[in-house]
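Observations on the three-dimensional arrangement
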Amino acid sequence: MKKKVVSILLTAAMAASCFSMVAMADEDTVQVAFVPQLIGIPYFTAMDEGGQRAAEDLGCEWIYAGDTVEGADLQVTQIDSLIRRGVDAISLAVIDSSATNPAIEKAQEAGIVAFTSDSDATDSTRDFYVAQADDVALGETLMEELAQQMGGEGKVGIVSGVATATNLNAWIAAIQDYAAENYPDIEILDVKYTPTGSSEEALQQAQDLMTANPDLKGLIGVASSTIPGVCQAVDQAGMAGEIKVTGYGSPATVNEYMKDGIMQVSVLWDAEALGYLTCWAGYQAVVGNEFEESQYIEAIDKEVTYNAEKGILLLGEPLIITPENVDDFDF
């Protein structure tokens, strides 16, 4: 039986021995699974590609297991299937921690390394969290960019994904706090959530915000899947340039809207690198390697940091995407 190591212990000297495991027999190959919030959008596709690349480098197996719509219940089903399969590590982009926390515990009881990536569950027993960027930094960066476009005043509507997504809610809180402290003339309206995080739902929510607030000056899409709907609402209303649009969208998602002048800034991170780091971290945990406080990973050209107290492995700083650099990325 493959040894499942839940604690993430390692020293730099042990690193060489972990890579020798690449030559293991097939039945002993480390399996690292990732359950995204949904599949079929450029963002999570990029994470999948990064995970696959890491698996090739490490000699392990990467398993991408998701559904085309968001649903914590669907994630639980995926996790149960992976537990029965006997994988070594399961990573989860959390939608609703109250629904998936028991599944995380169940995986751990089966001897599986269970951790979060992209979206955390701080109230869970997860082994660690692979974070794309600091939540506060993501919120503050986005709000500052939008405030500059708006001239520091006006009403802002927020269209988010599902109401239970911990990462989205953390960014929203940071946006609200930063605006209240630094831009008293900016009014953040009540957040509009989408039941499944779809573009169609976001389109309707954005239209409702514009109808109820004809003096609206800004719109934020707090999920890559909601940004197309928000941009389409502004475009259909003939308000491109008048209502400033920003959000957390991948370059592939926002490219056409930037080219059409609907959106000037998107804040994100390197999703492919996050997928790589997710697989890399799961592999290290399974073979018994610990994360260093600061460690350079050549394959993604990033210095990642680890906060042992919080159990957070941090990819890096937010990425600001503009019309000038949007073509530089392929995810």
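Residues numbered from 1 in each chain as written. Predicted model: local features only at pLDDT ≥ 70, side-chain atom pairs only at ≥ 80, totals over all residues. Heavy atoms only, no water.

**Some remarks on the overall build of the protein**
The test is simple: A run of H or I in DSSP counts as a helix once it spans at least four residues, and a run of E counts as a strand once it spans at least two, with each numbered from the N terminus. Here the globule rule reads 2.2 Å times residues to the power 0.38, and the radius of gyration is calculated from C-alpha atoms. Burial classes: relative accessible area under 20% of the type maximum marks a residue as buried, over 50% as exposed, and values in between as partly exposed (1.4 Å probe, protein chains only). Methods summary: accessible areas were calculated by the Shrake-Rupley approach with a probe of 1.4 Å, and residue burial reflects only the protein chains presented. When charges are counted, neither His nor the chain ends are considered; positive counts come from Lys and Arg and negative counts from Asp and Glu. For charged residues, the charge sits on one atom: NZ in Lys, CZ in Arg, CG in Asp, CD in Glu.
Each helix and strand in the protein was counted, giving 10 helices and 14 strands. Relative to the 2.2 N^0.38 estimate, which gives 20 Å for 331 residues, the radius of gyration of the protein is 20 Å and therefore close to what a compact globule would have. Its C-alpha atoms put the protein at 65 × 35 × 35 Å along the principal axes. In the protein, which comprises 331 residues, the proportion classed as buried is 58%. Accessible surface computed for the protein: about 13,300 Å², of which carbon and sulfur atoms make up 48%. When the 15 basic and 53 acidic side-chain charges of the protein are each reduced to a single mean position, those positions are 4 Å apart.

**Structural notes on a negative patch on the surface**
We apply this condition: Like charges within 9 Å and nonpolar side chains (Val, Leu, Ile, Met, Phe, Trp, Tyr) within 5 Å are joined into patches, using only residues over 30% in relative accessible area that form no salt bridge. Within this document, salt bridges are pairs made up of a side-chain nitrogen of Lys or Arg and a carboxyl oxygen of Asp or Glu, the two lying within 4 Å of each other.
A cluster of acidic residues, Asp134, Glu140, Asp177, Glu181 and Glu317, forms a negative patch at the surface. Looking at the secondary structure, you find Glu317 in the loop between β13 (312-314) and β14 (319-321). Classification of Glu317 as exposed rests on a relative accessible area of 66%.

**Side note on the packing of aromatic side chains**
Heads up, the rule is: Under the pairing criterion, centres of Phe, Tyr and Trp rings, with the six-membered ring standing for Trp, must be within 6.5 Å; the plane angle then separates stacked pairs below 30 degrees from edge-to-face pairs above 60, leaving the rest tilted.
Evaluation of the coordinates by the stated rule reveals 13 aromatic pairs. Arranged with centres 4.6 Å apart and planes meeting at 45°, the rings of Trp171 and Tyr248 form a pair that is tilted. You can see Trp171 sitting in helix α6 (residues 166-182) and its partner Tyr248 sitting in the loop between β9 (244-247) and α9 (251-259), a full 77 residues away along the chain. On the basis of relative accessible area, Trp171 is assigned to the buried category, the value being 2%. Taken together through their ring pairs, the aromatic side chains of Phe34, Tyr43, Phe44, Trp62, Tyr64, Trp171, Tyr248 and Trp269 make up a single cluster.

**Structural notes on the sheet that holds β9**
Working definition: the strands of a sheet are paired by backbone hydrogen bonds and lie parallel or antiparallel to each other. The criterion, for reference: A pair of strands is considered paired only if DSSP assigns at least 2 bridges between the two. Comment: axis = line fitted to C-alpha atoms, over the contacting stretch for helices; angle = value between 0 and 180 degrees taken between N-to-C directions. Throughout, a contact is declared for two residues whenever any of their heavy atoms are within 4.5 Å.
An order of β7-β6-β8-β9 is seen for the 4 strands of this open sheet, with the pairing classed as parallel. Taken across any chain shown, the strands that pair with only one partner, and hence form the sheet edges, are β7 (186-188) and β9. Each strand of the sheet is rotated relative to its neighbour by a mean of 25°, with strand direction disregarded. Packing of helix α7 (residues 199-212) onto the sheet brings it into contact with β6 (154-160) and β8 (216-222), and relative to β6 it is tilted by some 160°.

**Points about α7**
What counts here: By this rule, a helix spans an expected 1.5 Å times one less than how many residues it contains.
The terminal C-alpha atoms of α7, which comprises 14 residues, lie 20 Å apart, in line with the 20 Å expected from a rise of 1.5 Å per residue. Here α7 has its buried residues at Ser199, Ala202, Leu203, Gln205, Ala206, Leu209 and Met210. Summarising the contacts, the buried residues of α7 are in contact with β6, β8 and α8 (227-236).

Shape is all these values report; function is a separate question.
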